[in-house]
Amino acid sequence: GATYIAQNEERDGVRFSWKCAVSRLEATRMVVPVASLFTPLRERPDLPPIQYEPVLCSRATCRAVLNPLCQVDYRAKLWACNFCYQRNQFPPSYAGISEVNQPAELLPQFSTIEYVVHGGPQMPLVFLYLVDTCMEDEDLQALKESLQMSLSLLPPTALVGLITFGRMVQVHELGCEGISKSYVFRGTKDLTAKQLQEMLGLTKPAANQGRGPHLPSLVFCPVRFLQPVQKIDMNLTDLLGELQRDPWPVTQGKRPLRSLGAAMSIAVGLLETN
Ligand SMILES: [Zn+2]
């Protein structure tokens, strides 16, 4: 029940937008996308970091990490991915595993795990900030300062992006010196990833069919919403400093209308393009 959920949130610093499994039909009706809020770099002094690579699901479109909730067949040395149901073989180094000889990542207490991966990640790290601006000025000021501080802690090559939301969602373009430009979306409108990419100018124009007047070469120009932090940290620091609380009036006794679901959908759509 609620206590179990609270204990897990307390232990792992993770909070989910949904706390129970839903059917496929229910999933199509969900307004809030499945998401989790987690606490980056949360310290777990009770758990040692793991000095080997995580075991990943073999399905190329999944690549989920082996975890204590996966079903394991110790005799056949197989594990079932709990995201895509793919059955995976354990790597040869796991030949000795059994019910009584489990690797750390299968032990229930390792619901949070920290891997020390040698050689670094193969993909650039991406930090897309989603900032809720429906708050008091004092809180917003503290938030801005924390965000500005967090920029200085990121690896210089990490890619960063900024989406702010209140009643509307703003996707900020980064990297244009001295000009702040953003794309504004209504929180009430659902967009597919494809529609979003078109609106942000992230799709290549259709090939010229050879009909109609010859247009001057409108070169496909991808707008950069994710930039290396070392390139735009000054710019982004300024941008964060100028953030204002959501200007829309709030009805007496009501909470502000905030477009969290739309902001998350847009964030996912944006990440899918990059
Ligand atoms: Zn999988």
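Keep in mind that what you see is a predicted model, and the values were worked out from it rather than measured.

## Things to note about the overall build of the chain
Scanning the chain for helices and strands turns up six helices and ten strands. When each of the 274 residues of the chain is scored for burial, the buried share is 30%. In the chain, 63% of the contacts between residues at least 6 apart in sequence involve partners at least 24 apart. Carbon and sulfur atoms make up 57% of the accessible area of the chain, which amounts to about 19,000 Å² in all.

## Details of unusual backbone geometry
You will see that Lys77, though not glycine, has its phi angle at about 55°, which is positive. Structurally, Lys77 is set in the loop between strand 3 (71–73) and strand 4 (78–80). Judged by its relative accessible area of 25%, Lys77 is partly exposed. With a phi angle near 65°, Tyr85 is a residue other than glycine that sits in the positive phi range.

## Comments concerning the packing of aromatic side chains
Counting across every chain of the model gives three aromatic pairs. With 5.6 Å between their ring centres and 15° between their planes, Phe90 and Tyr94 make a pair best called stacked. Judged by relative accessible area, Tyr94 falls into the buried class, the value being 9%.

## Considerations on the nonpolar core
Counting residues in hydrophobic clusters, the biggest one holds 18 residues, and the most contacted among them are Ile163, Val169, Val171, Phe185, Leu200 and Leu270. Counting only elements with at least two residues in this core, the list comes to strand 7 (159–165), strand 8 (168–173), strand 9 (181–186) and helix 6 (260–273). With five residues, helix 6 is the largest single contributor of residues to this core. Among all residues touching Ile163, those that are not within four sequence positions of it are Leu128, Tyr129, Leu130, Val131, Val169, Gln170, Val171, His172, Ala263, Ile266, Ala267 and Leu270. Tyr129, Leu147, Leu236 and Leu240 belong to the second-largest nonpolar core, a separate cluster that totals 14 residues.

## Here we look at helix 3 (residues 137–153)
When the terminal C-alpha atoms of helix 3 are compared, their 25 Å separation across 17 residues agrees well with the 24 Å that a helix rising 1.5 Å per residue should span. For helix 3, the complete set of buried residues consists of Leu140, Lys144, Leu147 and Leu151. One side of helix 3 carries all its buried residues, which in axial view fall inside an arc of 65°. Facing away from the buried side of helix 3 by over 90 degrees, the exposed positions are Glu138, Met149, Ser152 and Leu153. Looking at the packing, one finds that the buried side of helix 3 touches strand 6 (126–132), strand 7 and helix 5 (229–241).

## Re the coordination of the zinc ion
Four donors placed tetrahedrally about a metal ideally form angles of 109.5 degrees, and six donors placed octahedrally ideally form angles of 90 or 180 degrees. Protein coordination of the zinc ion is provided by Cys57 (SG), Cys62 (SG), Cys81 (SG) and Cys84 (SG), with donor distances spanning 2.3 Å. If you look at the zinc ion, its four donor atoms make angles of 103 to 113° with each other, and the shape they trace is tetrahedral. Donor residues for the zinc ion, ordered by position in the chain, follow C-x4-C-x18-C-x2-C. Pair noted here: Cys62 is in the loop between strand 2 (36–38) and strand 3 and Cys84 is in the loop between strand 4 and strand 5 (87–89), with a separation of 22 residues, a long-range link.

## Describing the pattern of salt bridges
For the coordinates displayed, the defined rule picks out nine salt bridges. Between Glu9 and Arg15 there is a salt bridge, and its shortest N-O distance comes to 3.0 Å. Using a relative accessible area of 17% as the deciding quantity, one classes Glu9 as buried. Residues Arg245 and Glu136 are paired through a salt bridge, measuring 3.9 Å at the closest nitrogen-oxygen approach. Taken together, the positions of Arg245 in the loop between helix 5 and helix 6 and Glu136 in the loop between strand 6 and helix 3 put the pair 109 residues apart, joining distant regions of the chain. Salt bridges here are not isolated pairs; linked through shared partners, they connect Arg11, Asp12, Arg44 and Asp46.

## Points about the side chain of Glu105
Summarising the element assignment, Glu105 is placed in the loop between strand 5 and strand 6. Buried Glu105, no salt bridge; nearest opposite-charge side chain is Lys77, N-O distance 14 Å. Only 2.6 Å separates the side chain of Glu105 from the side chain of Tyr52, close enough to count as a polar contact. A distance of 2.4 Å separates a polar atom in the side chain of Glu105 from a polar atom in the side chain of Tyr94. Contact partners of Glu105, with chain neighbours within four places excluded, come to Tyr52, Val55, Leu66, Asn67, Pro68, Tyr94, Ile113 and Tyr115.

## Quick notes on the sheet that holds strand 5
A sheet is described by the order of its strands in space; here three strands give the open sequence 3-4-5, paired in antiparallel fashion. Whereas interior strands pair on both sides, the edge strands pair on one side only; in this sheet they are strand 3 and strand 5. This sheet shows a mean twist of 25° between the axes of neighbouring strands, independent of strand direction. Here strand 4 runs beside strand 5; their pairing, made up of three bridges, is antiparallel.

The rules behind each value
- Residues numbered from 1 in each chain as written.
- Predicted model: local features only at pLDDT ≥ 70, side-chain atom pairs only at ≥ 80, totals over all residues.
- Heavy atoms only, no water.
- Helix = DSSP H or I, 4+ residues; strand = E, 2+ residues; numbered from the N terminus.
- Buried < 20%, exposed > 50% of the residue type's maximum accessible area, 1.4 Å probe, protein only.
- Contact = heavy atoms within 4.5 Å.
- Areas by Shrake-Rupley, 256 points an atom, 1.4 Å probe, with all protein chains shown as cover.
- Phe/Tyr/Trp six-rings, centres within 6.5 Å; stacked < 30°, edge-to-face > 60°.
- Core = buried A, V, L, I, M, F, W, Y, C linked by side-chain atoms within 4.5 Å.
- Expected span 1.5 Å × (residues − 1).
- Arc of directions from axis to C-beta.
- Donors = N, O, S within 2.8 Å, 3.2 Å for Na, K, Ca; no water.
- Tetrahedral: all angles 85-135°; square planar, octahedral: opposite > 155°, others 65-115°.
- Salt bridge = Lys/Arg side-chain N within 4 Å of Asp/Glu carboxyl O.
- Lys, Arg positive; Asp, Glu negative; His and termini not counted.
- Polar contact = N/O pair within 3.5 Å; in protein donor to acceptor, adjacent residues only side chain to side chain.
- Pairing = 2+ DSSP bridges.
- Axes fitted to C-alpha atoms, helices over the stretch in contact; angles between N-to-C directions.

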